[in-house]
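Architecture and fold: a report
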Protein chains: 2
Amino acid sequence: MDADSRLASASRLSDEVARQLEAWILSEGFQVGARLPTEKLLCERFGVSRAVIREAISRLKAEGCIRTRQGSGAYLASLPGEGSFRLVRDGSCVPKGLPREIADVFEMRYIMETGATELAAMRRTASDLERIAEALGRMERAISSGENAVGADDDFHVAIAAATQNPQLERFQVFMGHQLSQSRAPTWDAAGHVAGRAKQAQLEHRRIYQAILAGDRSAARQAAAEHLESGMLRLGLDARGW
Amino acid sequence: MDADSRLASASRLSDEVARQLEAWILSEGFQVGARLPTEKLLCERFGVSRAVIREAISRLKAEGCIRTRQGSGAYLASLPGEGSFRLVRDGSCVPKGLPREIADVFEMRYIMETGATELAAMRRTASDLERIAEALGRMERAISSGENAVGADDDFHVAIAAATQNPQLERFQVFMGHQLSQSRAPTWDAAGHVAGRAKQAQLEHRRIYQAILAGDRSAARQAAAEHLESGMLRLGLDARGW
DNA sequence: ATGCCTGAACTTGTCAGACAAATTCAGGCA
DNA sequence: TGCCTGAATTTGTCTGACAAGTTCAGGCAT
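Computed from a prediction, not measured in an experiment: that's the story for all the values here.

Counting from both sides, the interface comprises 44 residues of chain A and, opposite them, 42 residues of chain B. Considering every element that reaches the side of chain A that touches chain B, the biggest residue donor is helix H5 (residues 99-123) of chain A, with nine residues. Tallied by class, the residues present in the side of chain A that touches chain B amount to 19 nonpolar, 14 polar and 11 charged.

Shown next as structure tokens:
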């Protein structure tokens, strides 16, 4: 964590210039497709070497904002923030910020997962149910053995999203699961087993599964909501009156 | 478009090395947190100059895969593809595929926007309301003048997401708004005005606004749900029994 | 007068070297 | 054994040169 926070705070010139370049593109009101100033002009504008500008441009190319053509120039492909969605700007994983920031992400998760669980109850197939039950079984065994089941917990939620028959929802759940992998740790680590957090979470998981099995959409939504609310409590976050 | 496809297909060494580096990271089975080989070794491995490696690394830093520390090295922060969420893999905007694909994205939007609109009703401030009303007013004027109000429509939904006081929800709405910008065109183009689609959408917008103004969370959710369902009908998409 | 071709100027892409800043590691000393 | 110091190592930035690709202007032919 200490090494990680040092990583998170280290800001280099090229990082900074990438950010400034983004902000400047937004403030200048460039149209998509517009040609940006030459590297030479950007060097002058930001007062840095060409290498730093090129690295900043590389970053914006990766984000889909800019496209370059040799001999011609750099062109605005999309406005910053519009090409992809990230939970944080600097590439770190999420549960590193203030409780408010973590709660914001959880709230997004609440909205998405209650909706997806409801759809799963309406659309699940026999093989979806098998997949969900398999992940549930792995968590069950982890309760007995005291082992870590973060992966199974993640798979459980991805399997539910898959049961919606909407690939975008499944992909979003994969994305969120990865970004929030650390938030599951207090549930499934040794202390979580001892304190009964794992057991409680599994109780909630079983309720979710039962509702989906029964094809009861409102019970599924309700079970997912309760699970997410409890999750916030387990992490000591403020639910702000959902 | 022809210029655009030329841009899209132009593959430079630094682009290629970024891709190869990604593939290599995946194939080597590095753990998250693992230290990657030095720039010098990567230059040797890929047979390119240090500048090309640095630009490739800059790209992967932007994607959240890699973090670097001066004097120490480059570290794997997340597996390639897991740091950001995109609706399509190649960075293009969405309404290009089959109706099913578009409907999937709309469904995601349905889930997120009904939830966000409910939260907005609970948390909106006076200035949030002004912002929402301003966008509403622009659409109102567009109804009278027959002009295009895709931008105002987009701003309306972003303003609602902002009223949740959850920056993640706002940012997600900005992302989705851009990706779906083409889906608003049939509502606000000349044919949309003539056919009354613009007028109908505005009626729905006004209902949403009224519910948020009144702080009525369930009315807000309901109004947003109806608006999204109508939007799907306007686009001829299948709502699959919501 | 218009269109096409050629060469120069310009712009991005890559390579190489030097030095700065930060980190790591090994050796020496208390 | 632990701490400090210096050397080695590694990333960060700057600079210059040359390659590859594009654009633009001028000249020539029709």
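Our next topic: the packing of H5 of chain A against helix H5 (residues 99-123) of chain B. Running from N to C, H5 of chain A and H5 of chain B point in directions that differ by 125 degrees, and their axes come no closer than 9 Å. As the angle between them shows, H5 of chain A and H5 of chain B are arranged oblique. The chirality of how H5 of chain A crosses H5 of chain B is right-handed. Contacts between H5 of chain A and H5 of chain B involve Ile111, Met112, Gly115 and Ala116 of chain A from the first element and Ile111, Met112, Gly115 and Ala116 of chain B from the second. Class assignment of the residues belonging to the contact of H5 of chain A with H5 of chain B gives a composition of six nonpolar, two polar and no charged.

With an axial shift of 0.7 Å and an RMSD of 2.7 Å, the rotation relating chain A to chain B amounts to 178 degrees. Such a turn and shift between the copies fits a two-fold axis. When C-alpha distances to the rotation axis are compared across chain A, the minimum falls at phenylalanine 85 of chain A, with a value of 1.5 Å. Comparing interface residues between copies, 89% of those in chain A also sit at the interface in chain B, which points to an isologous, same-surface contact.

This brings us to the protein's contact with DNA strand D. Taken together, 21 residues are adjacent to DNA strand D, and Leu13, Ser14, Ser49 and Gly71 of chain A together with Thr68 of chain B come closest. At the level of secondary structure, the elements contributing two or more residues to the surface near DNA strand D comprise helix H2 (13-28) and helix H4 (50-62) of chain A together with helix H3 (39-46) and strand S2 (73-76) of chain B. Among the elements that line the surface near DNA strand D, the one with the most residues is H4 of chain A, at three residues.

Right, let's talk about the pairing of strand S1 (residues 66-69) of chain B for a bit. Residues and elements named next belong to chain B. Bridge analysis of S1 against S2 gives four bridges, and the strand direction is antiparallel. Residue pairing for S2: threonine 68 is matched across the bridge by alanine 74. Hairpin connection from S1 to S2: three residues lie between these consecutive antiparallel strands, with glycine 71 at a positive phi of about 85 degrees.

Here we come to helix H8 (residues 167-179) of chain A. Taking 1.5 Å per residue, 13 residues should reach 18 Å; H8 of chain A reaches 18 Å between its end C-alpha atoms and fits that length. The set of residues buried in H8 of chain A consists of Gln168, Leu169, Phe172, Gln173, Met176, Gly177 and Gln179 of chain A. Lining the buried residues of H8 of chain A we find H5 and helix H7 (150-162) of chain A together with H5 of chain B.

Generally speaking, a soluble globular protein has its nonpolar side chains buried in company with each other. Counting 88 residues, the largest nonpolar core has Ile132, Ile160 and Ile212 of chain A together with Ile160 and Ile212 of chain B as its most contacted members. Setting aside residues up to four positions removed in sequence, isoleucine 212 of chain A forms contacts with Thr117, Ala120, Ala121, Arg124, Ile132, Ile160, Ala163 and Ala220 of chain A.

Attention now moves to the domain arrangement of chain A. Its domain assignment divides chain A into domain 1 (11-76) and domain 2 (99-234). Taken over C-alpha atoms, the centre of domain 1 of chain A sits 41 Å from the centre of domain 2 of chain A.

A few words on the packing of H2 of chain A against H4 of chain A. Residue and element names in this part refer to chain A. With their axes 8 Å apart at the nearest point, H2 and H4 run at an angle of 60 degrees to one another. With respect to their mutual orientation, H2 and H4 come out oblique. Considering only the axes of H2 and H4, their crossing is right-handed. The residues of H4 that touch H2, namely those facing Leu13, Ser14, Val17, Ala18, Leu21 and Glu22, are Val52, Ile53, Glu55, Ala56, Arg59 and Leu60. Each residue belonging to the contact of H2 with H4 can be placed in one class, and the counts come to eight nonpolar, one polar and three charged.

Attention now goes to helix H11 (residues 197-213) of chain A. All names here are of chain A. For H11, with 17 residues, the first-to-last C-alpha span of 24 Å sits near the 24 Å given by 1.5 Å per residue. Every buried residue of H11 is accounted for by Ala198, Ala201, Gln202, His205, Ile208, Tyr209, Ala211 and Ile212. Looking at the buried residues of H11, the elements they touch are H5, helix H6 (126-145), H7, helix H9 (185-188), helix H10 (190-195) and helix H12 (217-234). Directly after H11, the chain includes glycine 215, whose backbone phi takes a positive value near 65 degrees.

So, how was this worked out
- Residues numbered from 1 in each chain as written.
- Chains lettered and ligands numbered in written order.
- Predicted model: local features only at pLDDT ≥ 70, side-chain atom pairs only at ≥ 80, totals over all residues.
- Contact = placed C-beta atoms within 7 Å.
- Helix = DSSP H or I, 4+ residues; strand = E, 2+ residues; numbered from the N terminus.
- Nonpolar A, V, L, I, M, F, W, Y, C, P; charged D, E, K, R; others polar.
- Axes fitted to C-alpha atoms, helices over the stretch in contact; angles between N-to-C directions.
- Parallel < 35°, antiparallel > 145°, perpendicular 65-115°, else oblique.
- Left-handed = near helix turned anticlockwise from the far one by under 90°.
- Least-squares fit on C-alpha atoms with pLDDT ≥ 70 in both.
- Near = placed C-beta within 6 Å.
- Pairing = 2+ DSSP bridges.
- Expected span 1.5 Å × (residues − 1).
- Buried ≥ 20, exposed ≤ 12 C-beta atoms within 10 Å, placed from the backbone.
- Core = buried A, V, L, I, M, F, W, Y, C linked by C-beta atoms within 7 Å.
- Domains from an automatic or database assignment.

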